[in-house]
Amino acid sequence: MAGRDEVDALLEAWARERDDLDLGPVAVFSRISRLGHHVDRARRAAFTAHDIEPWEFDVLAALRRAGTPYELSPGRLLRETLVTSGTMTNRVDRLAARGLVERHPDPSDRRGVLVRLTPEGKDAVDGAFSALLDAERELLADLSASDQKVLAGLLRQLLVPFAD
């Protein structure tokens, strides 16, 4: 068995106080929750090093994943980032003011616009994504490649019921 963590102490205390309960879910989800805090810190550090906020990364990454010419409609950005239209409008306005995205008329819809990544936005998201991958690799360093695949598969099983 690997070293002990703070969840082991938590489980021992609960088992002492409530030996009538199955603490299996606590063993899993307390660790996922704590790991989430470490991942959030790593994300923030990677993004801060590239002068972008987490919400900015979400929008820029959605545009980058779209492929050349790195543009999406505001509606598609909403679906990709799971925010409201008012929030997205504010985010695109702020990114445009920073020169990271531009708005262009949608050639297939006279009333529509497309949000396009600028070269500066592409550089920012590419740098932040590389830094994020480095940080995440470090978090996973104690797991073999095969253990990482097993873990990813198990986490997928937990997430599939929530997929749209």
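Above this note sits the structure.
Values in this document were obtained by computation on a predicted structure and should not be read as measured data.

Reading the values: rules and limits
- Residues numbered from 1 in each chain as written.
- Predicted model: local features only at pLDDT ≥ 70, side-chain atom pairs only at ≥ 80, totals over all residues.
- Heavy atoms only, no water.
- Helix = DSSP H or I, 4+ residues; strand = E, 2+ residues; numbered from the N terminus.
- Expected span 1.5 Å × (residues − 1).
- Buried < 20%, exposed > 50% of the residue type's maximum accessible area, 1.4 Å probe, protein only.
- Contact = heavy atoms within 4.5 Å.

Go over helix 2 (residues 24–48), please, and point to the residues and values.
Across its 25 residues, helix 2 extends 37 Å between first and last C-alpha, which sits within 8% of the 36 Å expected from 1.5 Å per residue. Ala 27, Ser 30, Ala 42, Ala 46 and Phe 47 are the residues of helix 2 that are buried. Along its buried surface, helix 2 packs onto helix 1 (6–17), helix 3 (54–65) and helix 6 (119–139).

Residue-level account of unusual backbone geometry, with values.
Across the chain, the bulk of peptide bonds are trans and the bulk of non-glycine residues have phi less than zero. Note the cis peptide between Thr 68 and Pro 69, where omega equals 10 degrees. You can see Pro 69 is positioned in the loop between helix 3 and strand 1 (71–72). A positive phi is found at Tyr 70, a non-glycine position, where the angle reads about 60 degrees. Tracing the sequence through the fold places Tyr 70 in the loop between helix 3 and strand 1. Relative accessible area serves as the criterion here: at 17%, Tyr 70 is assigned to the buried category.

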